[in-house]
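Structural description and commentary
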Amino acid sequence: MKKVPFGRSDQLVSRLGFGTMRLPTKTNEDGTLSIDRTEAIAMIRHGIDSGINYVDTAYGYHQGESEVVTGLALQDGYRDRTLLTTKLPCWLVKEKQDMDRLLDEQLKKLGVSYVDYYLLHSLSLDSFHRMQALDYKSFYERALKDGRIKHTGFSFHDNKEAFVEIVDDYHWDMAQIQFNCLDDQSQATVDGLLYAADKGIPVVIMEPLRGGALAFPPEEIVEQMRQNVQGYSPAKWAFRYVANYPQATTILSGMSTREQ
C-alpha cells in the first residue's frame, strides 16, 4: 500500500482509505436492513492488515450504525494502527452546546477516547455560515485542548467560491471533497483541490467512482477503455484518474464486498 505525508503533520497516510457509508448489509426478520457486522468487521480489518490506515465514518451512515460497527472493528489493537475520522452532523446543531454533546455521543458509539480527525460534515456555504454564527472555532479549540479530537477538517458539497471561503476561514488540518473524472469542474473543482493543497491542507477524496456509477459506464465507453489499455477495469481507470493528482492525498472507497 502506498503511503504519503498527510499535510503539515508527521503522519503517513495510505492513498486508499476505507469509507464506511456502504458496508455490507443483511435483511432482518422484520424486513429492515442492518449492517452485516461479522462481514463488515472482517472487511475493515482485512483492509487495515493490507495497509489501509485511514478509516472514515460519520454520525448518519447506516442510520447511525456505522460508527458502532467501525468502533467494533477497531478493537483488538486495530485502533492504534488507524487514523480514525468521523464527522459532526451540522444539521443537528441548533445551539452551541450541541457540538460537544454530539461529539461525546460519537466517541461513546465508537468506543474510543478521541478521534484523529473530526470534520464539519457536508458543508455548503449556508450551513458553514450557520456554524460560524454558532462559533465552531471555539468548539474546536476546546475539543483539541481536552484531547477529544486531534485534528480539524470539513467535508464539502457546494461550488468553488464557497470552498475557497471556507478554506480561508480557519487553519484546517484537512478537507474532504467530491472529485472524479465527471466532477473535476464542479463542486470544489480541480482549482479548489490545488488551492487547498497550496495552503498545506491535505485533501481527502470522496466519490471517486461517483457512487459506483463510474464502475459501470456505457458499453461504448468500456470499449474505448479496452482499446487504450488492456487489463484496466472502468473502476481502475476512475481511481487512476484521481490518483494522478498528487494533491489528492487519500482516496476513499465505500467497499461493500470483499472483492471490492
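Please refer to the structure placed before this passage.
Treat the numbers as computed from the prediction; the structure is a model and nothing was measured.

Along the protein, the regular secondary structure elements total nine helices and 12 strands. Computed over C-alpha atoms, the radius of gyration of the protein comes to 18 Å, within 12% of the 18 Å expected from 2.2 N^0.38 for 260 residues, which places it in the range of a compact globule. Overall, the protein is about 55 × 45 × 35 Å in size when its C-alpha atoms are taken along their principal axes. Counting the 260 residues in the protein, one finds 50% classified as buried. Expressed as a percentage of contacts within the protein between residues at least 6 apart in sequence, the contacts between residues at least 24 apart total 73%. Here the protein carries 29 positive and 36 negative side-chain charges, and the mean point of each set is 4 Å from the other.

What follows is about the environment of Met174. Within the fold, Met174 resides in the loop between helix 6 (160–167) and strand 10 (175–178). Between the alpha carbons of Met174 and Arg210 there is a distance of 21 Å; along the sequence they are 36 residues apart. Setting aside anything within four residues of it in sequence, one finds Met174 in contact with Phe6, Tyr54, Tyr117, Leu119, Thr152, Gly153, Phe154, Ile201, Pro202 and Val204.

Before going further, it helps to spend a moment on the packing of aromatic side chains. The full count for this structure, using the stated rule, is 18 aromatic pairs. Geometrically, the ring pair formed by Phe128 and Tyr136 is tilted, given 5.6 Å between the ring centres and 55 degrees between the ring planes. By relative accessible area, Tyr136 is classed as buried at 1%. Summarising the aromatic geometry, the rings of Tyr170 and Trp172 are spaced 5.1 Å apart at their centres and angled 75 degrees between planes, so their arrangement reads as edge-to-face. According to the relative accessible area criterion, Tyr170 is buried, its value standing at 9%. An aromatic cluster of three or more residues is present, and its members are Tyr118, Phe128, Tyr136, Phe139, Tyr140, Phe154, Phe156, Phe163, Tyr170 and Trp172. Lying across the ring of Tyr59, Lys109 places its NZ or CZ 4.7 Å from the centre. In this structure, Lys150 is placed above the aromatic ring of Tyr114, and the distance from its NZ or CZ to the ring centre is 4.8 Å.

What counts, and where the lines are drawn
- Residues numbered from 1 in each chain as written.
- Predicted model: local features only at pLDDT ≥ 70, side-chain atom pairs only at ≥ 80, totals over all residues.
- Heavy atoms only, no water.
- Helix = DSSP H or I, 4+ residues; strand = E, 2+ residues; numbered from the N terminus.
- Rg over C-alpha atoms; globule rule 2.2 N^0.38 Å.
- Buried < 20%, exposed > 50% of the residue type's maximum accessible area, 1.4 Å probe, protein only.
- Contact = heavy atoms within 4.5 Å.
- Lys, Arg positive; Asp, Glu negative; His and termini not counted.
- Charge placed at Lys NZ, Arg CZ, Asp CG, Glu CD.
- Phe/Tyr/Trp six-rings, centres within 6.5 Å; stacked < 30°, edge-to-face > 60°.
- Lys NZ or Arg CZ within 6 Å of the ring centre and 35° of its normal.

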